[in-house]
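The primary structure of each chain is shown beneath.
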Amino acid sequence: MKAINIAVPATGVFLKQVKQMNTTLRGKCSDTFVFDENRHPHITLLQLYVKETDLPELCSEVESVVKGFKTFSLSALKLEEGPTFDKYKMPSLSFEPGLHSLHQEICEKIKKFAVSKESMNHSKMSSSFSHSDKEINQDSTDYVKNFLEQKSGSKYAAHMTIGISTQATAKDVVSSIHSQFAFPMEMDVDHVVVSHLGNFCTVREIFGSYNLSRQDGRGF
């Protein structure tokens, strides 16, 4: 079994800006992870547990959905404290609702691959995450298990985590970083990846990358 994320990665100027935010955050919280060639800032479209043997067919299905969408721009509206994972807050950029159509179609096509959560326990779930991370917290495994039920459809909210912060300092850290950037910030949506998940639901190893149609358009 594999814990996977189907996601839109940050690219270009937007990627550089998010890495700047991550660097600033690391200066205030040394526990935060680093964005590098093995950990990628992204907007999640769908997270789920799947059988490893289903990955080739799943990736093919993702590609068939993605190529039906045109490239477009998406606006990040603000930086927020984000959800709580383990003992940390996860400061996140929130976006306008331009990914809903892509999210919905991905979910409709891919949910059939989801492993039944009735047989899940933390040990089984954590072992399906990337071994690049030594520990996988309970909030990460549960987030994936409950994504379709609790985070998809009308409950879907596009966001991009920039790292982690202590709960005590999150509000001040977010305010400080937010003030250093001009919002809204524009991000190009031009490809989607299928990736292995790491701790804090980070995007780790990439299983496949698929381009949207190379035409100007919108994702609505």
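Residues numbered from 1 in each chain as written. Predicted model: local features only at pLDDT ≥ 70, side-chain atom pairs only at ≥ 80, totals over all residues. Heavy atoms only, no water.

Trainee: What am I meant to see in the pairing of strand β6 (residues 92-95) here?
Mentor: Looking along a regular strand, one sees the side chains alternate between the two faces of the sheet. Residues Ser-92 and Ser-94 line one face of β6 and the alternating positions Leu-93 and Phe-95 line the opposite face, and both faces are buried. As paired elements, strand β3 (residues 70-80) and β6 share four bridges and run antiparallel to each other. Each residue of the ladder has a partner; that of Leu-79, found in β6, is Leu-93. Bridge analysis of β6 against strand β7 (residues 159-161) gives three bridges, and the strand direction is antiparallel. Following the sheet pairing, Leu-93 is matched in β7 by Met-160. (Buried < 20%, exposed > 50% of the residue type's maximum accessible area, 1.4 Å probe, protein only. Helix = DSSP H or I, 4+ residues; strand = E, 2+ residues; numbered from the N terminus. Pairing = 2+ DSSP bridges.)

Trainee: Could you clarify how one ought to interpret the packing of helix α1 (residues 12-28) against helix α7 (residues 170-178) in this entry?
Mentor: Two quantities define a packed helix pair, namely the angle between the axes and the distance from one axis to the other. Where α1 meets α7, the axes come as close as 11 Å, and the angle between the chain directions of the two elements is 145 degrees. In terms of crossing hand, the pair formed by α1 and α7 is right-handed. Two secondary-structure elements touch here, α1 through Met-21, Thr-24, Leu-25 and Lys-28 and α7 through Val-173, Ser-176 and Ile-177. Of the residues that constitute the contact of α1 with α7, the class distribution is four nonpolar, two polar and one charged. (Axes fitted to C-alpha atoms, helices over the stretch in contact; angles between N-to-C directions. Left-handed = near helix turned anticlockwise from the far one by under 90°. Contact = heavy atoms within 4.5 Å. Nonpolar A, V, L, I, M, F, W, Y, C, P; charged D, E, K, R; others polar.)

Trainee: Explanation requested: the pairing of strand β2 (residues 42-50) in the structure shown.
Mentor: Most of β2 is tucked away: nine of the nine residues are buried. Note that strand β1 (residues 2-9) and β2 share eight bridges and pair antiparallel. Each bridged residue has a counterpart across the sheet, and for Val-8 the counterpart in β2 is Ile-43.

Trainee: So what exactly am I meant to see when it comes to the sheet that holds strand β11 (residues 203-211) here?
Mentor: If you trace the four strands from one edge of the open sheet to the other, you get β2-β1-β10-β11, paired in antiparallel fashion. On the outer flanks of this sheet lie β2 and β11, each paired with one strand and no other. Each neighbouring strand pair of the sheet contributes to a mean axis angle of 25 degrees, computed without reference to strand direction. Here four bridges tie β1 to strand β10 (residues 191-197), and the two strands are oriented antiparallel to one another. Within the sheet, the bridge partner assigned to Ile-6 lies in β10 and is Val-194. Those strands touched by helix α2 (residues 55-66) are β1, β2, β10 and β11, and its axis lies near 50 degrees from that of β11. Together, β2 and β10 form the strand contacts of helix α5 (residues 138-145), whose direction differs from that of β2 by roughly 85 degrees.

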